[in-house]
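# Observations on the model geometry
Below are the chains, spelled out letter by letter.
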Amino acid sequence: RCVTILRPSPFGFAGPLATAERSLLDSLAHSALAMSSLPLLLEQLASAQRAVVEALSSEYFCEDLEPPSCAFGWGEEALRDYFETGGESAPPKAAPAAPAADARPVIVCLGDSLTEFGSHVVGPKFADATLKNTPLASEVLRATDGNEEHGPGWVALLARDYQWRTTADVLNRGFSGMTSRLLRADLASIVASLPSAPVAAVVVTLGANDAAEGGVPRDEFRQNLDAICGALKELLPSAAVLLATPPPINHQVWPATTGGKGFGGGRSLERLKPYAEAVRQAAAGAGVRCVDLQADFTTRLMHWADTTHDGFHLATKGNVFVYRQVGEALRSAGLNPSSMPTHRPPALAAAVELLDDRDGRYARCRKR
């Protein structure tokens, strides 16, 4: 595989920078076009960049000032402004690439282990009997507790619905141990790691770890939620934001699972209630939807205590209930997988006229 390297526009450096510019252009002109030459080319480019920076830092007597890594590619004017202001001036960051016109929308699920484990596929009976002894078990599952799946998980069920209709991709960005404080700090990097596709919705489920002993105080939790909602609106202005209250905890079962030790200590429904209320307040303040899982579990399920397998993490029954509540909220936000435009590659989209369209799914593709 080869790449075509186009001759870049000259930087137009003068004086001591001209030598560095000529070195850069000579490197480009004499570099092979094969992919194997790219490491050498990159090193040549980096060397030329260092020469430019050294020349300017010497001219401005700023030998102790090191431009950031993103300075590679700055023009002479930008570099001079940087050194003249003592590192205070820098070109604005480039805007993220616009999604392709035919890109499939993305629904992102952010949260803690209640979200992470939402990608479980099978139920415990199937897992206990067959998973570790069949090709369904990956090396990871065989090496660990592969029989501890309690699916189908709520994220997996959502992904099935949207994939079944080829209308959106559902991405799981749940992390065990995540708190509002950590998500606030990591949100920008998480969003930056997402595919360059339009984000249609973000489902945020937090509070279970914040409410544990050694977690995040309730007032800070509320402040973090406000900041997270504000950041999501700024980073993903076209996305619908859904805040979910944490499901209830069965404090009679959970201590037996953890022995009351570690980060799992001190969990109880009473301790969790103020955090659920903070989620409701944050959603109302930010003008986003609230999926009140805690209220729904305790008022709509006669035996909600049976919805977890360890008093905290969702069992199959709990996963299915969360799936239904979140799915209903997504539909109310205009993201019904049965009515969203079907995403098809161009060649297939052009051929849908020849396909059986009894349920109208291909007609939605033609509307795009």
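Scroll up to find the structure this text is about.
Analysis parameters
Residues numbered from 1 in each chain as written. Predicted model: local features only at pLDDT ≥ 70, side-chain atom pairs only at ≥ 80, totals over all residues. Heavy atoms only, no water. Helix = DSSP H or I, 4+ residues; strand = E, 2+ residues; numbered from the N terminus. Buried < 20%, exposed > 50% of the residue type's maximum accessible area, 1.4 Å probe, protein only. Contact = heavy atoms within 4.5 Å. Core = buried A, V, L, I, M, F, W, Y, C linked by side-chain atoms within 4.5 Å. Phe/Tyr/Trp six-rings, centres within 6.5 Å; stacked < 30°, edge-to-face > 60°. 1 Å grid on protein atoms, 1.4 Å probe; cavity = no way out; pocket = protein on both sides within 12 Å on 5 of 7 lines; lining within 4 Å. Points joined across faces, edges and corners; volume = space filled by probe spheres on them. Nonpolar A, V, L, I, M, F, W, Y, C, P; charged D, E, K, R; others polar. Pairing = 2+ DSSP bridges. Axes fitted to C-alpha atoms, helices over the stretch in contact; angles between N-to-C directions. Parallel < 35°, antiparallel > 145°, perpendicular 65-115°, else oblique.

## Some thoughts on the overall build of the chain
A count of helical and extended segments in the chain gives 15 helices and 5 strands. Classification of the 368 residues of the chain by burial places 45% in the buried group. Taking all contacts inside the chain whose residues are at least 6 apart in sequence as the whole, residues at least 24 apart take part in 73%.

## A short note on the nonpolar core
In this structure, Trp154, Tyr162, Val202 and Leu330 are the most contacted members of the largest nonpolar core, which totals 68 residues. Sort the elements by how many residues they give to this core and helix H11 (residues 269-286) lands first, with 7 residues. Every residue in contact with Leu330, bar those within four places of it in the chain, is listed here: Ile107, Leu158, Tyr162, Ala201, Val203, Leu242, Leu335 and Asn336. Core analysis: the second largest hydrophobic core is formed by 8 residues, Val52, Leu56, Leu79 and Phe83 among them.

## Examining the packing of aromatic side chains
Inspection of the entire model under this criterion finds 4 aromatic pairs. Ring geometry for Tyr82 versus Phe83: centroids 5.5 Å apart, planes at 90°, classification edge-to-face. Like Phe83, Tyr82 is buried. Within the aromatic cluster, the residues linked to one another by ring pairs are Tyr60, Tyr82 and Phe83.

## A look at empty space enclosed by the protein
In this structure the tally under the stated criterion is 4 cavities of 30 Å³ or more. The computed volume of the largest cavity comes to approximately 60 Å³. What lines the largest cavity is simply Ser113, Leu114, Phe117, Gly118, His120, His309, His313, Leu314 and Asn319. Of the residues contributing to the lining of the largest cavity, the split by class is 3 nonpolar, 6 polar and no charged.

## Structural notes on the sheet that holds strand S1 (residues 106-111)
What the 5 strands build is an open sheet, ordered S2-S1-S3-S4-S5; its pairing is parallel. Edge positions in the sheet fall to strand S2 (169-174) and strand S5 (289-291), since each has one partner strand and no second. Ignoring which end each strand starts from, the neighbouring axes of this sheet average 20° apart. In this structure, S1 lies alongside strand S3 (residues 199-205), joined through 6 bridges in parallel fashion. Opposite Gly111, over in S3, you have Thr205 as the bridge partner. Together, S1, S3, strand S4 (240-244) and S5 form the strand contacts of helix H13 (residues 316-332), whose direction differs from that of S5 by roughly 165°.

## A few points about the packing of helix H8 (residues 180-192) against helix H9 (residues 218-235)
Following both chains from N to C, one finds H8 and H9 inclined at 10°, their axes separated by 8 Å at the closest point. With respect to H9, the axis of H8 lies roughly parallel. Note on element contacts: H9 touches H8 through Glu220, Phe221, Gln223, Asn224, Ala227, Ile228, Ala231, Leu232 and Leu235, opposite Ser180, Arg181, Leu183, Arg184, Leu187, Ala188 and Val191. Of the residues belonging to the contact of H8 with H9, the class tally is 10 nonpolar, 3 polar and 3 charged.

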